[in-house]
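# A look at the structure
Listed below, chain by chain, are the residues.
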Amino acid sequence: MISVILNWLYITVTCYLTGFGVIKALSGILTKTKKFRLNDEIDYLYAGIGAVTVYAQFYSIFDGVGAGANLGMLLICVLCIIVYRKELAEKLHTFRLTVTPGRVLLVGILVLIFAYGTSFGIIHYDTGLYHAQSIRWIEEYGVVPGLGNLHTRLAYNSAAFCLSAIYSMAFLGGQSYHCVGGYLALLLILLCTKAFRKERLLAPKLSDFVRLMGIYYLLMIFDEMVSPASDYFMVLMVFYIVIRWLELLEKEETSYLPYGLLCLLCITVLTVKLSGALILLLVLKPAVMLLKEKKVREIFIFLGTGLIMVLPFLIRNVILSGWLVYPFTSIDWFDVDFKIPKGVAEYDSREIQVWGRGYSDVTRYDEPISKWLPDWMRGLDTINLGFLALAFLGLFILAGLFIYALLKKKSEMADYLHIAGVMTACFLFWLCSAPLIRYGCVFLWLMPVLIWGYVYLKFSPHTDRYKLYLIALILVSVYKLTAFSGEVAGSVTTDYLVFQKDYDTFENIPYEIHGYTFYYPAEGDRTGYEDFPSAPLKKEDIFRGDSLEEGFISGET
């Protein structure tokens, strides 16, 4: 637990400084006449998370993400301190004047609670299968050509693994820490505490309903956030983006910059998990604002920044698999010797699809939705089945609102219809591709919440609006907090007060390939972190050259 808090302090300092530098640099370039200030310090931390994620990915292309990567990051932080020393000093002075003992106490309690939850818990199955090995490859080698030929899941390129690697501290010689998921959860709960302010309880906004769902999600993953699963990273980031976007709309923000910055973070979401790719549709709002103001220069700056952010993700994809976006084979631009065979990639893609639909038989990938959807729905629990019903009904309500806005020329509804439409597109994309709940629960929940919440706040009597909000708050508290308290009480332990729970270990069998010791599991398909390199199956000699750095070929003839 102590190690987690120390790790979080390091993440906070480095992300805040890099985020502060990035936002100040971009705002200075983009806003020549109009000053822009953030209202929440958490925004700098999220900007830093996005920047460090891009940095870690770029660094991994050239070397292992370890001591050198951290030294480079610290030098960037020092540069930010030097360049923006006056602004940082002003921020520190303002913070000292405005912080209250109650706020410090609340943050302190939440840090302890979430540090405890991040110190131990359930390590996700896929972490033992490939998350841990992916992170270790990044720590030691960065990116290796054709790594997916050793194990196809090692080609599932997620920026979350690069972010985990730079903060794992494995280069210190101890364990490889995996605290970033818990840190993102901490940031979200800090953002969600605003829902309990008196003015919010009496006059809730649409963003407050999203906050309630954020709290619900955090209670769900509390005993699992110790695992560096990319699903958690994506969902936690999407919650932040939607909450902050709604806050900007509620404050009637007229500057394109904060919306544009959130859209840049949407690119990070895409690089973390492709199931969240359509959240990039949010870019339509700042794009329209920039076009109306005829800010061509600013448009190219945003486009250039976005390209820089996505570029290392695409480069890593090509190096790991030979495909621009593995396992999708529709874009076939590269003819390299380490390329994963097209048939293998297509099978992998279909397996992901059918697995999300609740099947294990890959031959069922092309079944029509009328066939697999009823089977998939029968596997849902009551809560998610209820949200699905609200989502389907919400499609008709959203269509009605859109028609109403067009006929009545309600231009003031455009911003709401935009974000509700984006969440609907994300929901439908997830549903029609690989609808595993943990891949896209945030879209299953937020799409109906935005639609039904809007209808309630728009058409309910103003004096009674807080009642449903309080009822929802009570239901979440009674339903989830009771179960949550029981789970935590039943698993209380002092074993991890100093060090975080390490990755799970498995019995693996060593064997030799090309003079290197590899491992495969004695049973099952998980190998964990410690035995490295490893894969679920024993491999033949698939080396491209004489060393691991030169990568692997498929071995197929």
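That block above? That's the structure.
Residues numbered from 1 in each chain as written. Predicted model: local features only at pLDDT ≥ 70, side-chain atom pairs only at ≥ 80, totals over all residues. Heavy atoms only, no water.

## Points about the pairing of strand 1 (residues 508-513)
Note the cut-off: In this analysis, strands are considered paired if DSSP registers two or more bridges between them. Strands here are runs of E lasting at least two residues and helices are runs of H or I lasting at least four, both read from the DSSP assignment and numbered beginning at the N terminus.
Where strand 1 and strand 2 (residues 516-521) come together, six bridges link them in antiparallel fashion. By the bridge assignment, I509 is partnered in strand 2 with Y520. The antiparallel pairing of strand 1 with strand 2 creates a hairpin that spans two residues between the two strands, and H514 there sits at a positive phi of about 55°.

## Re the pattern of salt bridges
It is possible for side chains of opposite charge to pair when their charged atoms get near one another. Under the convention used in this document: For this document, the term salt bridge refers to a Lys or Arg side-chain nitrogen within 4 Å of an Asp or Glu carboxyl oxygen. Only protein chains enter the accessibility calculation, which uses a 1.4 Å probe; a residue is then buried when its area is under 20% of its type maximum, exposed when over 50%, and partly exposed in between.
In total, this model carries 18 salt bridges according to the counting rule given. Between R136 and E140 there is a salt bridge, with its nearest N and O atoms 2.8 Å apart. Of this pair, R136 and E140 both sit in helix 6 (residues 125-141), four residues apart, which is roughly one turn of that helix. Its relative accessible area of 16% is what places R136 among the buried residues.

## What to know about the side chain of K285
Quick note on the threshold: When checking whether two residues touch, look at their non-hydrogen atoms; a contact exists if any pair is within 4.5 Å.
Position of K285 among the secondary structure elements: in helix 13 (residues 284-292). Looking at K285, the relative accessible area reads 12%, which means it is buried. Apart from residues lying up to four places away in sequence, K285 is in contact with W245, L249, Y259, D415 and H418.

## A word on the environment of F338
Relative to the helices and strands, F338 resides in the loop between helix 14 (296-321) and helix 15 (342-356). Relative accessible area serves as the criterion here: at 10%, F338 is assigned to the buried category. On a C-alpha basis, the gap between F338 and L74 in space is 35 Å, while along the polypeptide they are 264 residues apart. Not counting residues within four places of it along the chain, the set of residues in contact with F338 comprises P145, G146, N149, V318, I319, S321, G322, R544, F552 and I553.

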